[in-house]
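Fold and geometry: a report
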Amino acid sequence: MGRAQLLARPEMELTREQRAQLRDAVARRLNREPLQYILGHTGFFGRTFAVNPAVLIPRPETELLVELALEGLRHESRVLDVGTGSGCIAITVALERPDVEVVAMDVSPGALAVARENAQRLGAALQFHEGDLMDGDWLAEVGPPFDRVISNPPYVPLADRPDLQPELGFEPQRAIYVKGGPGAFIR
């Protein structure tokens, strides 16, 4: 129930099951678990995407990446999203530009399952591929060339982890942190 519905019905009482669910949600949030994981979804580019701890929670600033990816994209282009996670970038590009072929790739089977679920629920047509960018074997399967490669890779130095908000501890660590310099992803 949304906030407006709740305000419009102040007399409504919760059932025993609803109260238990609310207590569980509050306890999880007090433990600093991200609200998006508790709810099981988040908004991105005007759409609702399922999320769980197998995927990074899409950030609002990632919408800028999608806008930049769509800018000047030619008809029938091929786009590759590396490290697709929930699929929010690839699915949004596919929905905004159905004339474009989109391939979404991730090293995590759990993340790909979430992305596939999101694509199916949102009606997006794209290809999914399990692969590691650092292993060139996947390229033969997805068939280059790509007109655009999109990625929101890990970029936070692992040494910064102790100073960051505890909520990040619930997200897939290899989607956030790098061990050293550029290209030194957690595996």
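Below is a short write-up of the structure. Keep in mind the model is a prediction, meaning the values are calculated, not measured. (Residues numbered from 1 in each chain as written. Predicted model: local features only at pLDDT ≥ 70, side-chain atom pairs only at ≥ 80, totals over all residues. Heavy atoms only, no water.)

**What to know about the pairing of strand β4 (residues 101–106)**
Note the following rule: Only protein chains enter the accessibility calculation, which uses a 1.4 Å probe; a residue whose area is less than 20% of its type maximum is buried, one above 50% is exposed, and one in between is partly exposed. Secondary structure elements follow DSSP: runs of H or I of four or more residues count as helices, runs of E of two or more count as strands, with numbering from the N terminus. At least two bridges found by DSSP between two strands is the condition for calling them paired. By convention a crossover is right-handed if, when the strands point away from the viewer, the path from the first strand over the helix to the second runs clockwise.
Along β4, 5 of the 6 residues are buried, which leaves the element largely enclosed by surrounding structure. Direction of pairing for strand β3 (residues 78–82) relative to β4: parallel, over a ladder of 5 bridges. Counted as the bridge partner of V79 is V102 from β4. Handedness of the crossover is the feature at issue here: the chain leaves β3, passes through helix α5 (residues 88–96), returns alongside β4, and the resulting connection is right-handed. Bridging between β4 and strand β5 (residues 127–130) involves 4 bridges; their strand directions are parallel. Note on β5: the bridge partner recorded for A104 is F128.

**Here we look at the side chain of T62**
Let me state the cut-off plainly: We define a polar contact as two N or O atoms separated by no more than 3.5 Å, with the added condition that, inside protein, one atom must be a possible hydrogen donor and the other a possible acceptor, whereas residues neighbouring each other in sequence contribute only through side-chain atom pairs. Contact criterion: two residues are considered in contact whenever any of their non-hydrogen atoms come within 4.5 Å of each other.
Locating T62 in the fold gives a position in helix α4 (residues 62–70). Taking relative accessible area as the criterion, T62 reaches 8% and is therefore assigned buried. Only 3.3 Å separates the side chain of T62 from the side chain of N152, close enough to count as a polar contact. Ignoring any residue separated from it by four or fewer positions in sequence, one finds T62 in contact with F44, I89 and N152.

**Focus: a nonpolar patch on the surface**
Put simply, the rule is: Surface patches are drawn from residues lacking salt bridges whose relative accessible area is over 30%; two like charges belong together within 9 Å, two nonpolar side chains (Val, Leu, Ile, Met, Phe, Trp, Tyr) within 5 Å. Using a 1.4 Å probe, the Shrake-Rupley method yields the accessible areas, and only the shown protein chains count as cover for residues. Salt bridges are defined as contacts in which a side-chain nitrogen from Lys or Arg sits within 4 Å of a carboxyl oxygen from Asp or Glu.
A surface patch of nonpolar side chains, about 370 Å² in accessible area, is lined by L14, L22, V26 and L30. Along the chain, L22 falls in helix α2 (residues 16–30).

**Some words on the nonpolar core**
Heads up, the condition is: Nonpolar cores were defined as sets of buried Ala, Val, Leu, Ile, Met, Phe, Trp, Tyr and Cys residues, with membership established by side-chain atoms within 4.5 Å.
Formed by 20 residues in total, the largest nonpolar core has its most connected members in V93, V102 and L126. Elements supplying a minimum of two residues to this core: α4, α5 and β4. If you tally residues by element for this core, the top one is α5, at 6 residues. V82, V103, M105 and V142 belong to the second-largest nonpolar core, a separate cluster that totals 7 residues.

**Side note on the packing of aromatic side chains**
Our working definition: Paired rings are identified among Phe, Tyr and Trp, the last through its six-membered ring, by centres lying within 6.5 Å, and are further divided according to the angle between planes into stacked (under 30 degrees), edge-to-face (over 60) and tilted (the rest). We call a charge positioned above a ring when the Lys NZ or Arg CZ atom is no farther than 6 Å from the ring centre and deviates by at most 35 degrees from the ring normal.
Evaluation of the coordinates by the stated rule reveals 2 aromatic pairs. With 6.3 Å between their ring centres and 35° between their planes, F44 and F45 make a pair best called tilted. The partly exposed category is assigned to F45, whose relative accessible area is 22%. Where F44 meets F49, the ring centres are 6.0 Å apart and the plane angle is 85°; that geometry is what we call edge-to-face. Overall, F49 belongs to the buried group, its relative accessible area being 0%. A connected cluster of aromatic rings, assembled from ring pairs, spans F44, F45 and F49. The residue whose ring lies beneath R78 is F146, and the NZ or CZ to ring-centre distance is 4.4 Å. Between R161 and the ring centre of Y177, over which it is positioned, the NZ or CZ distance is 5.2 Å.

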